[in-house]
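Analysis of the macromolecular model
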Amino acid sequence: MCASIKITVNGNSRELSPASTIVELTNTMALQGKRFAVEVNGEIVPASQHVSHELTTGDKVEIVGAIGGG
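I will try to describe carefully the structure that is included in this document. Note that the structure is a prediction, hence the values are computed from the model and not measured.

Section: the overall build of the protein chain
Summing up its helical and strand segments, the protein chain has 1 helix and 5 strands in all. Tracing the protein chain from N to C terminus, the helices and strands come up as β-β-α-β-β-β. In terms of overall dimensions, the protein chain is globule-like: its C-alpha atoms have a radius of gyration of 12 Å, near the 11 Å expected for 70 residues. Considered along the principal axes of its C-alpha atoms, the protein chain spans approximately 50 × 20 × 20 Å. By the burial criterion, 26% of the 70 residues in the protein chain qualify as buried. For the protein chain, the share of sequence-separated contacts (at least 6 apart) that also reach a separation of at least 24 residues comes to 54%. Carbon and sulfur atoms provide 52% of the accessible area of the protein chain, an area that totals close to 4,700 Å².

Focus on the side chain of Thr26
Structurally, Thr26 is set in helix H1 (residues 22-28). Judged by relative accessible area, which is 5%, Thr26 ranks as buried. Among the polar contacts listed, one links the side chain of Thr26 to the backbone oxygen of Val23, at a separation of 3.1 Å. In this structure, Thr26 is in contact with Leu31, Gln32, Phe36 and Ile63, ignoring residues within four places of it in sequence.

So, the environment of Ser20
On the secondary structure map, Ser20 appears in the loop between strand S2 (12-16) and H1. On the accessibility criterion, Ser20 (7% relative accessible area) is buried. In this structure, the C-alpha to C-alpha distance between Ser20 and Ala3, residues 17 residues apart in sequence, is 12 Å. Aside from chain neighbours lying at most four places away, what touches Ser20 is His53, Glu54 and Leu55.

Brief notes about the sheet that holds S2
Either a parallel or an antiparallel arrangement is found when strands of a sheet pair, and the pairing is made through backbone hydrogen bonds. Judged by pairing direction, the sheet is mixed, and its 5 strands sit side by side in the order S2-S1-S5-S3-S4 without closing on themselves. Either end of the sheet is taken by a strand with one partner, and the two such strands are S2 and strand S4 (43-45). Taken over all neighbouring pairs, the strand axes of this sheet differ in orientation by 35° on average, direction set aside. With 2 bridges joining them, strand S1 (residues 5-9) and strand S5 (residues 60-65) adopt parallel strand pairing. Bridge pairing links Thr8 to Lys60 in S5.

Cut-off values and rules
- Residues numbered from 1 in each chain as written.
- Predicted model: local features only at pLDDT ≥ 70, side-chain atom pairs only at ≥ 80, totals over all residues.
- Heavy atoms only, no water.
- Helix = DSSP H or I, 4+ residues; strand = E, 2+ residues; numbered from the N terminus.
- Rg over C-alpha atoms; globule rule 2.2 N^0.38 Å.
- Buried < 20%, exposed > 50% of the residue type's maximum accessible area, 1.4 Å probe, protein only.
- Contact = heavy atoms within 4.5 Å.
- Areas by Shrake-Rupley, 256 points an atom, 1.4 Å probe, with all protein chains shown as cover.
- Polar contact = N/O pair within 3.5 Å; in protein donor to acceptor, adjacent residues only side chain to side chain.
- Pairing = 2+ DSSP bridges.
- Axes fitted to C-alpha atoms, helices over the stretch in contact; angles between N-to-C directions.

Written as structure tokens, this is what we have:
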């Protein structure tokens, strides 16, 4: 079994524990409580699925923060 998985987040390589979820990734990036969207391999992952969506080696993740305006 692999000791870690390798993914790309916003163009940067990152290693995570096997079976890491989007929530675990975003927690390591200090994004708790912030508004953002996540795309994995070109597909948007709804926030309701972040806790259960497991990342795998080779995944390309894009995280975009929401900006409020007026």
